[in-house]
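Listed below, chain by chain, are the residues.
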Amino acid sequence: MVSINQVQRGLAAFIDREVIPSLSVMEKVLVGTGAGLVVAKLPEVLKQYANHPFLATLGVVDLEQGMVDIPALYNAAQPYIGADPIPFKIPLVDITLKMGKREIDALYRYIMEA
């Protein structure tokens, strides 16, 4: 388990170093602003979703201790992540980002080293 603060630092570093450089100027503004707000408000975002029955059963978020089981999430996802990036659309701004094995591994490293 890692602290929510550590997740915030790792996410911010990943976005700043791996995502933002590949975007257009307008995308940088939109993604950077939105991601910065999500990262800053991550504890509140987790509070909103951590009590969902499915997530609560998994036990990957401990709000009382302020911890997230990033290694468990990463290890569970690893067998299913291929080399081909998976596109995902960011709502409201119509930007599609792609995350593959390289990006997921990098995000994991950023969080664990934060």
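Everything quoted here is computed from the prediction, not taken from an experiment. (Residues numbered from 1 in each chain as written. Predicted model: local features only at pLDDT ≥ 70, side-chain atom pairs only at ≥ 80, totals over all residues. Heavy atoms only, no water.)

## Focus: helix H6 (residues 101–113)
Relative to the 18 Å expected for 13 residues at 1.5 Å per residue, H6 spans 18 Å between its end C-alpha atoms, a close match to the ideal helical length. For H6, every residue scored as buried is listed here: Glu103, Asp105, Ala106, Leu107, Tyr110 and Ile111. Turning to H6, the residues buried within the fold contact strand E1 (2–3), helix H1 (4–19), helix H5 (70–77) and strand E5 (95–99). (Helix = DSSP H or I, 4+ residues; strand = E, 2+ residues; numbered from the N terminus. Expected span 1.5 Å × (residues − 1). Buried < 20%, exposed > 50% of the residue type's maximum accessible area, 1.4 Å probe, protein only. Contact = heavy atoms within 4.5 Å.)

## Let's talk about the pairing of E5
Taking every second residue as pointing to the same face, the buried face of E5 carries Ile95, Leu97 and Met99, while none of Thr96 and Lys98 on the other face is buried. Where strand E4 (residues 86–90) lies against E5, 5 bridges are found, and the strand directions are antiparallel. Within the sheet, the bridge partner assigned to Ile86 lies in E5 and is Met99. Adjacent in sequence and paired antiparallel, E4 and E5 are bridged by 4 residues, among which Leu92 carries a positive phi angle near 75 degrees. (Pairing = 2+ DSSP bridges.)

## Quick look at the pattern of salt bridges
One pass over the full model with this rule turns up 4 salt bridges. Notably, a salt bridge pairs Glu18 with Arg102, separated by 3.6 Å at the nearest N-O pair. One end of the pair, Glu18, is in helix H1; the other, Arg102, is in helix H6, and 84 residues separate them in sequence. With relative accessibility at 53%, the residue Arg102 sits in the exposed group. Note that Asp94 and Lys89 form a salt bridge whose closest N and O atoms lie 3.1 Å from each other. Neither residue differs from the other here; Asp94 and Lys89 are each classed as exposed. (Salt bridge = Lys/Arg side-chain N within 4 Å of Asp/Glu carboxyl O.)

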